[in-house]
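# Remarks on the overall topology
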Amino acid sequence: MANKMGYLSCLDTVKPVRDAIDVINGKWKLPIIISVMTGNERFTDIQESIPGITPKVLAKELKDLEQHQLIKRVVVEDYPVKILYKPEPYADTLVPIIDALKVWGMNHRKKIFEKE
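All of the points below concern the structure found in this document. (Residues numbered from 1 in each chain as written. Predicted model: local features only at pLDDT ≥ 70, side-chain atom pairs only at ≥ 80, totals over all residues. Heavy atoms only, no water.)

What follows deals with the side chain of Lys29. Considering the arrangement of structural elements, one finds Lys29 in helix H2 (residues 29–37). Judged by relative accessible area, Lys29 falls into the buried class, the value being 7%. Separated by 3.1 Å, the side chains of Lys29 and Glu61 make a polar contact. A distance of 2.8 Å separates the side chain of Lys29 from the side chain of Asp64, its partner in a polar contact. If sequence neighbours within four positions are ignored, Lys29 has contacts with Val23, Ile24, Glu61, Asp64 and Leu65. (Helix = DSSP H or I, 4+ residues; strand = E, 2+ residues; numbered from the N terminus. Buried < 20%, exposed > 50% of the residue type's maximum accessible area, 1.4 Å probe, protein only. Polar contact = N/O pair within 3.5 Å; in protein donor to acceptor, adjacent residues only side chain to side chain. Contact = heavy atoms within 4.5 Å.)

Encoded structure:
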């Protein structure tokens, strides 16, 4: 019975972690979120801030992040029409996670490269 309880306890942690990772998973999602949150609003500005991303992939990932309510697409009716991408307030909930990943990554890099 204790083994079954440990398994269920593990699932209680793994399931929500997997849900979170599914939203930010992939090569481009976090860089796009970070780019938009640091003030890049126009498609070309976001693309230029992320080396190697293609317009097709950027468009797809922006739509996905919009569906997850992390980024909002704003159409500015002007001439010419402008399309802007802005972080939703919900995206602010990722800030402590991104900061923690940054610190962990810097510490991990130090640990790995200092061993050599």
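So that's the structure; there's more coming.
The next thing to look at is unusual backbone geometry. Cis geometry marks the peptide bond from Tyr79 to Pro80; its omega dihedral reads -5 degrees. With respect to the helices and strands, the residue Pro80 is situated in the loop between strand S1 (71–76) and strand S2 (82–87). Phi angles above zero are rare outside glycine, and Gln69 is one such case at about 60 degrees. Mapping Gln69 onto the fold places it in the loop between helix H4 (55–67) and S1. Its relative accessible area of 54% is what places Gln69 among the exposed residues.

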